[in-house]
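# Results of the structural survey
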Amino acid sequence: MALTDLFDLGSLRLSPGEARRLELTVAQDGLELAGERYAIGPPQAPVTLEVSRLIGGGHALRLRLEATLSGPCMRCLEPALLTIPIDAREVDVPGGGEELDSPYVDRDLLDVRRWAHDALALAAPSQVLCAPDCLGLCPVCAIPLATAGPDHHHERAPDPRWGKLRELRLE
Ligand SMILES: [Zn+2]
Ligand SMILES: [Zn+2]
C-alpha cells in the first residue's frame, strides 16, 4: 500500500459543507519518552482521515488510528507493550487567526505523518508500565518483584551505630 506523508486536501475538490472519509497508510516513527526510545507499531499504520470542507472556507479534520508502543517498563525494565487509540482533530481556516491555523496544514497540504506522530506523543501515558500494577524492582538486589514472589525480602543488617548507642545508654 502506498504511504502518505503529505495529503493534498485540494485534490478532494470538496464543495463547502461536503465531507469525505479516507483510509490512508502512514509510516510511524519511534518515540522518545523519559530518555528511552520506544518503538511504535505498526511501522505502516492504517489511518482513517475525515475531511470536512467548511462553509466559510478551510477544513475540519479528524484522524484516527490505533498504535502500539513497545519498550522497557519504566519501573522494572521488563518489556512493556501498550495499545494506544488515537482520535485527533484539527481545524484549519486560512486567515482565521492563530486558533484556527493548524500547524499541520500548509496551504492545502496536510502533514499526516507528523500529525499522527504528535497525536501519539500526546496520547502516550507519562508512565509506560509492563502492567498497571507493576511492582518494580527490589531496592536491595534489583530483581523484578513480580517474579521474585511475595516472600522475597532481605535480612536487614543491624546498623553498627545502634549497638554503640545502646552500649552508651547502659553505662
Ligand atoms: Zn514493570
Ligand atoms: Zn531483593
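Let me sum up the structure you'll find in this document. Going along each chain's sequence as written, the residues are numbered from 1 onward. Each chain gets a letter, beginning with A, and each ligand a number, beginning with 1, in the order they are written. Confidence filtering applies because this is a predicted model: local features only for residues at pLDDT of at least 70, side-chain atom pairs given and counted only at 80 or more, and all residues used for totals across whole chains, interfaces and linings. As a rule here, side-chain values cover all heavy atoms of the structure and leave hydrogens and water aside.

## Re the overall build of the protein
Along the protein, the regular secondary structure elements total 3 helices and 9 strands. Helix and strand definitions follow DSSP, with helices as H or I runs of at least four residues and strands as E runs of at least two, each counted in order from the N terminus. Seen in sequence order, the protein has helices and strands lined up from the N terminus as β-β-β-β-β-β-β-β-β-α-α-α. Taken along the three principal axes of its C-alpha coordinates, the protein extends 95 × 35 × 20 Å. Exposure classes here rest on a 1.4 Å probe applied to the protein chains alone. A residue is buried below 20% of its type maximum, exposed above 50%, and partly exposed in between. Each of the 171 residues in the protein was classed as buried or not, and the buried ones make up 34%. Only heavy atoms matter for contacts: two residues are in contact if any of them lie within 4.5 Å across the pair. In the protein, of all internal contacts separated by at least 6 residues, the share reaching a separation of at least 24 is 58%. Here the Shrake-Rupley method, with its probe set to 1.4 Å, supplies the accessible areas, and only the displayed protein chains count as covering residues. Within the structure as shown, the protein displays about 11,200 Å² of accessible surface, and the carbon and sulfur contribution to it stands at 54%. Within the protein, the 26 negative side-chain charges are centred at a point lying 3 Å from the centre of the 17 positive side-chain charges. Residues scored as charged are limited to Lys and Arg (positive) and Asp and Glu (negative), so that His and the chain ends carry no count. In plain terms, the charge of a residue is placed at NZ if it is Lys, CZ if Arg, CG if Asp and CD if Glu.

## Notes on the coordination of the zinc ion (ligand 1)
Counted as coordinating are nitrogen, oxygen and sulfur atoms within 2.8 Å of the metal, or 3.2 Å for Na, K and Ca, while water is not included, which may make sites look incomplete. With distances of 2.3 Å, the protein atoms coordinating the zinc ion (ligand 1) are Cys73 (SG), Cys76 (SG), Cys130 (SG) and Cys134 (SG). Irregular is the label for any site that misses the other tests, which are tetrahedral for four donors with all angles between 85 and 135 degrees, and square planar for four donors or octahedral for six when opposite donors exceed 155 degrees and the remaining angles lie between 65 and 115. Viewed at the metal, the 4 donor atoms of the zinc ion (ligand 1) are separated by angles of 108 to 113°, and the geometry they form is tetrahedral. Here the donor residues for the zinc ion (ligand 1) map to a single chain with the spacing C-x2-C-x53-C-x3-C. Taken together, the residues span a long stretch of sequence, with cysteine 76 in the loop between β6 (59-72) and β7 (79-92) and cysteine 130 in the loop between α1 (112-123) and α2 (145-148) at a distance of 54 residues.

## Examining the coordination of the zinc ion (ligand 2)
With distances of 1.9 to 2.2 Å, the protein atoms coordinating the zinc ion (ligand 2) are Cys138 (SG), Cys141 (SG), His152 (NE2) and His154 (NE2). Because the angles between the 4 donor atoms bound to the zinc ion (ligand 2) fall within 106 to 112°, the donor set is best described as tetrahedral. Written as a sequence motif, the donor residues of the zinc ion (ligand 2) are C-x2-C-x10-H-x1-H. For histidine 152, a relative accessible area of 24% translates into the label partly exposed.

## Section: the nonpolar core
Nonpolar core, defined: a set of buried Ala, Val, Leu, Ile, Met, Phe, Trp, Tyr and Cys residues in which side-chain atoms within 4.5 Å join the residues together. Core analysis: the biggest nonpolar cluster contains 39 residues, and Leu49, Leu69, Leu110 and Trp115 have the highest contact counts within it. Elements supplying a minimum of two residues to this core: β2 (19-27), β3 (31-33), β4 (36-41), β5 (44-53), β6, β7 and α1. Among all residues touching tryptophan 115, those that are not within four sequence positions of it are Leu49, Leu61, Arg62, Leu63, Ala88, Arg89, Glu90, Tyr104 and Leu110.

## A few points about α1
By this rule, a helix spans an expected 1.5 Å times one less than how many residues it contains. Taking 1.5 Å of rise per residue, the 12 residues of α1 would be expected to cover 16 Å, and the 16 Å separating its terminal C-alpha atoms lies within 8% of that figure. Along α1, the residues that are buried comprise Val112, Trp115, Ala116, Ala119 and Leu120. For α1, the angular spread of the buried residues around the axis is 130°, confining them to a single face. Summarising the geometry, the arc corresponds to the directions from the helix axis toward the C-beta atoms.

## What about the pairing of β5?
DSSP calls a pair of strands paired once it identifies at least 2 bridges connecting them. As paired strands, β2 and β5 are joined by 9 bridges and run antiparallel to one another. Residue pairing for β5: arginine 20 is matched across the bridge by valine 51. As paired elements, β5 and β6 share 6 bridges and run antiparallel to each other. Opposite leucine 49, over in β6, you have leucine 63 as the bridge partner.

## Observations concerning the sheet that holds strand β1 (residues 6-8)
Taken in spatial order, the 3 strands of this open sheet run β1-β9-β8, and their pairing is antiparallel. Two strands close off the open sheet at either side, each with one partner strand: β1 and β8 (105-106). Inspection of the sheet shows β1 paired to strand β9 (residues 109-111) by 3 bridges, in the antiparallel sense. By the bridge assignment for β9, leucine 6 is matched with aspartate 111.

Structural measurements only, silent on function.
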